[in-house]
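What the coordinates show
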Amino acid sequence: MKKRLFGFLILLSLVFTVSAQSKEVQKLDEFGNTNCDDYLARMDYLLSEINNSTNSKGYIFVYEGKLKEFTYHKNNRNQGTRYISSEVGSGKELIGYLKNQLSFRRFPTEKVIFVEAGFREKFTIEFWLVPDDVDAPKPSPTLKKIKQRKQTRKPNGFCGDM
């Protein structure tokens with residue numbers, strides 16, 4: 001049992017070493033709006049990949065678009081989902097929230113580049129890992145403009161107060 005575990009750990013370290021030495025841009029994740037815990041878990045994944053690749057930076061592209069909203073019955077059972085227009089500035093608010101998470105984790109802010117990437121049909125976030133000597137990926141918005149709601153409240157952090 002110990003030999004298997006030891007062998008697995010060696011194999012795992014080799015995989016991380018090979019991926020850390022890659023000279024290609026890697027898209028690590030793409031997702032839409034989600035809950036705060038999911039944002040934090042995905043952010044932790046990106047930061048660990050940056051740490052494993054010492055000569056790389058992380059790029060976070062935020063595309064504004066419609067937000068997924070869950071609808072519920074009176075008894076709190078999930079009825080389904082619908083998409084609603086985002087508020088003006090929701091992408092910038094998310095970027096501010098993620099930057100605060102970097103500071104909270106004492107992660108070097110120069111290792112992560114945030115990009116307001118334009119508009120897509122649905123709110124989308126992309127995480128990229130880019131080696132230092134490779135050109136960064138270009139944003140790929142699919143819409144020139146979207147209909148957004150006026151901001152109805154003062155921003156207090158993307159996921160509320162921390």
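A brief report on the enclosed structure follows. Everything quoted here is computed from the prediction, not taken from an experiment.

1. What to know about helix H3 (residues 90-104)
Taking 1.5 Å as the rise per residue, H3 with 15 residues should run 21 Å; its terminal C-alpha atoms sit 21 Å apart, in good agreement. At the exit of H3 stands Arg-106, carrying a positive phi of roughly 55°.

2. Observations concerning the packing of aromatic side chains
This model, assessed by the stated rule, comprises 4 aromatic pairs. Geometrically, the ring pair formed by Phe-31 and Phe-127 is edge-to-face, given 5.4 Å between the ring centres and 80° between the ring planes. Linking Phe-31 in strand S1 (residues 26-31) with Phe-127 in strand S5 (residues 124-131), this pair joins segments that are 96 residues apart in sequence. Of the two residues, Phe-31 and Phe-127, both sit in the buried class. Between Phe-61 and Trp-128, the ring centres sit 6.3 Å apart and the planes meet at 45°, which makes this aromatic pair tilted.

3. Here we look at the packing of helix H2 (residues 36-52) against H3
As a packed pair, H2 and H3 sit with axes 11 Å apart at the nearest point and diverge in direction by 55°. Comparing the axis directions of H2 and H3 gives the class oblique. In this structure, H2 crosses over H3, and the sense of that crossing is right-handed. Of the residues in H3, those touching H2 at Cys-36, Tyr-39, Leu-40, Met-43 and Leu-47 are Leu-94, Tyr-97, Leu-98, Gln-101 and Leu-102. Looking at the contact of H2 with H3 residue by residue, the class counts come to 9 nonpolar, 1 polar and no charged.

Calculation criteria
Residues numbered from 1 in each chain as written. Predicted model: local features only at pLDDT ≥ 70, side-chain atom pairs only at ≥ 80, totals over all residues. Heavy atoms only, no water. Helix = DSSP H or I, 4+ residues; strand = E, 2+ residues; numbered from the N terminus. Expected span 1.5 Å × (residues − 1). Phe/Tyr/Trp six-rings, centres within 6.5 Å; stacked < 30°, edge-to-face > 60°. Buried < 20%, exposed > 50% of the residue type's maximum accessible area, 1.4 Å probe, protein only. Axes fitted to C-alpha atoms, helices over the stretch in contact; angles between N-to-C directions. Parallel < 35°, antiparallel > 145°, perpendicular 65-115°, else oblique. Left-handed = near helix turned anticlockwise from the far one by under 90°. Contact = heavy atoms within 4.5 Å. Nonpolar A, V, L, I, M, F, W, Y, C, P; charged D, E, K, R; others polar.

These results come straight from atomic positions and should not be treated as a statement about function.
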